[in-house]
Structure formats: C-alpha cells, structure tokens
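One-letter residues, chain by chain:
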Amino acid sequence: MEGAMINIAESVNDRVPIPDDEYLGDDGLLHCKVCHKQTQTVVEIFGVRKKVRCICDCIKKDMEEREKRERQQEFDRMRMVCFGEAYREMVDWTFDNDDRRDAKIADAMRRYADGFAKFREESKGLLLYGDVGTGKTYYAACIANQLISNGYTVLMTNFATLTNKIQGTFDGKQELIDSLNRYSLLIIDDLGTERNTDYMKELVFNIIDARYRSGLPMILTTNLPMDEIKKSNDIGYTRIYDRILERCFPVAVKGHSRRRQHVRDSYVNMKDELGL
C-alpha cells in the first residue's frame, strides 16, 4: 500500500506545475514566494501520509490564462476555416458590431443563434432573401461567429467556390460534398448567382440534397424573389428549392442597401479629404 501511495504521489508531483521560487513554511510545507499559498499538501489514505504537490494561486492564474489563450486561438482557427479567403473580412461581423438598423431582423437572427441547439436537433435552417446589400450575408456571418464562440463548427461558402474546389481536387466530387456535413452549420451565400448550366444545377442539387439527407441545418442567402423560389419554371431548380424550403424558414431582409450607403459615406469622406 505504501508503495502504491508513493507512486500516486510521484505521479501527481510530475504533473503539477511548480512556481519559480518557493520557501519552506512553518507548517513544514513548501509555499510560493509570490502569493504565499501552499505548493504542497499532505494526503492520507489507509493511514499512509504523503506530501504531494498542489497548485498555488499564481499557478492557477497562469493555467487559466493559458487555457483562455488556447481557447481563443482555437476559435480564431475555426473562423479562418469557416470564412476562408473569400470571406476573411467577416471574422469581425458580429451582433455586437451590428448597427441594428433593422432591430426586428437583428433580434430574430440572434434568437436563431441562441437557440441553435434546438434548431439543429430539429434540422431547421434559414433562407435569407431580399435585395442586394440589405444585410443578408452580414447576419449569416453574425450567426456563424456566435456559433463558433459557442463551440460549433461552421462553414460559410458559395457555389462558385465549391465548384472550383471540386474541379481542383483529386478526392472526387462526392468526397468533398460529404465533407460539408462535418460542420454543425453550413452557410451558402448568394444562391442564384451560379451559372445556369445543367452541370451546375446538378452540383447544387447534390450539395443541397446531401445536407438535406444529413439532417443538419443550413442557411442560404439569395437575391432571388420568393415567387421565383416557390414557383420556378425550371424543374431542375424546383427540386432544389423544394428541399431548401422544407428545411429553411424564409426570412425577408428588407430596407435600404447598406452597401450603397457605405459607398455614399465613403464618397463623402473622400470628398472632404480632397477638399472638393
């Protein structure tokens, strides 16, 4: 028994970090010279007493800060994977940075992110539709960033990017499509801007259908009017849109174009700087 206790104590001592400087206290145990808390304690099992290492406040603080840094680095890595090169600027698109020009939509999007565990279980996603520049992509990115902070894996992409990856990969089309289902949430931006060819329609269908069959949620943004989505004259798009509407709740994102407003503000600033 004593031998087992010695082995346990040595194992603990090997794993516990040691402060830079210590002193022997009046209690016969080592203490940290900075916080003066014990770095040793006595344990007793079956009558066998043994000194083992313990963590002082300094070491505890260092461990917590290191864990926080590592967690932030992992979140940063997940954001780089989520947005890639095409959407790199969106790592800063968050609900906290939203101007809340449309508070109703902003609150609805935050509620989706807050309730994602339930929506994920129910395979419920979103279809954000509306005119160009009204904030559809921004809110999709806000949801992505919040979910990543909550530990979920997210990928935000578009069909043009996926097509290029498929054409440039040696693994094959189906392998890449299947890999999209590794993510808790798949966001596809700008549905309807892809080339209108039989090959592209089949590819879009395969991606949407694979996600549909996986039971995992997706968010899509589009500039297409809802009438066209609900009553497409193209059978190829009809079978795509039917699957999307079955799993994605349509949300109209309206209002003035934020993009055009940003351009106007930029022009005004440039005009002032040039003195014109």
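What counts as what
- Throughout this description, residue numbers start from 1 for each chain and increase along the sequence as written.
- Where totals are concerned, whole chains, interfaces and linings use all residues; where local detail is concerned, this predicted model gives features only for residues with pLDDT of at least 70, and gives and counts side-chain atom pairs only at 80 or more.
- To obtain the side-chain values, all non-hydrogen atoms of the structure were included, while hydrogens and water were left out.
- The working definition used for a salt bridge is a side-chain nitrogen of Lys or Arg within 4 Å of a carboxyl oxygen of Asp or Glu.
- Numbered from the N terminus, helices here are DSSP runs of H or I no shorter than four residues, and strands are runs of E no shorter than two.
- Here a pair means two rings of Phe, Tyr or Trp (six-membered ring of Trp) with centres within 6.5 Å. Their orientation is stacked below 30 degrees between planes, edge-to-face above 60, and tilted elsewhere.
- Each residue gets one of three labels from its accessible area relative to the maximum for its type: buried under 20%, exposed over 50%, partly exposed in between, using a 1.4 Å probe on protein chains only.
- Between any two strands, at least two bridges found by DSSP are needed for them to pair.
- Expected helix span is taken as 1.5 Å per residue step, with the number of steps being one fewer than the number of residues.
- Note on contacts: a residue pair qualifies if any of its non-hydrogen atoms lie within 4.5 Å across the two residues.

Participant: I'd love a proper account of the pattern of salt bridges, names of residues and values included.
Facilitator: Once their charged atoms are close, side chains differing in charge can pair, the charge on each being opposite to the other. Tallying each qualifying case throughout the model produces 16 salt bridges. Across the pair Asp198 and Lys201 runs a salt bridge whose closest N-O atoms are separated by 3.9 Å. Taken as a pair, Asp198 and Lys201 lie in helix H8 (residues 198-214) at a separation of three residues, close to a single helical turn.

Participant: Let's hear about the packing of aromatic side chains: which residues, and what values?
Facilitator: The full count for this structure, using the stated rule, is six aromatic pairs. Ring centres 5.4 Å apart and planes at 35° place the aromatic pair Trp93 and Tyr138 in the tilted group. Of the two residues, Trp93 sits in the loop between helix H2 (57-83) and helix H3 (103-114) while Tyr138 sits in helix H5 (residues 136-149), which places them 45 residues apart along the sequence. We classify Trp93 as partly exposed; its relative accessible area is 23%. Seen in terms of ring centroids, Phe116 and Tyr152 are 4.9 Å apart; in terms of plane orientation they differ by 80°. Their pairing is edge-to-face.

Participant: Outline the pairing of strand S6 (residues 154-157), listing residues and values.
Facilitator: Neither face of S6 is left uncovered, since the one carrying Val154 and Met156 and the one carrying Leu155 and Thr157 both have all their residues buried. Of the pairings in the sheet, the one linking S6 to strand S7 (residues 185-191) comprises four bridges and is parallel in character. From the neighbouring strand, Leu155 faces S7, where its bridge partner is Leu186.

Participant: Go over H8 with me, naming the residues and quoting the values.
Facilitator: Its 17 residues place the ends of H8 24 Å apart at the C-alpha level, agreeing with the 24 Å of an ideal helix rising 1.5 Å per residue. Those residues of H8 lying buried are Met200, Lys201, Leu203, Val204, Phe205, Asn206, Ile207, Ile208, Asp209, Ala210, Arg211 and Tyr212. Tucked into the core, H8 has its buried residues touching helix H6 (159-167), helix H7 (173-179), S7, strand S8 (218-222) and helix H10 (235-247).

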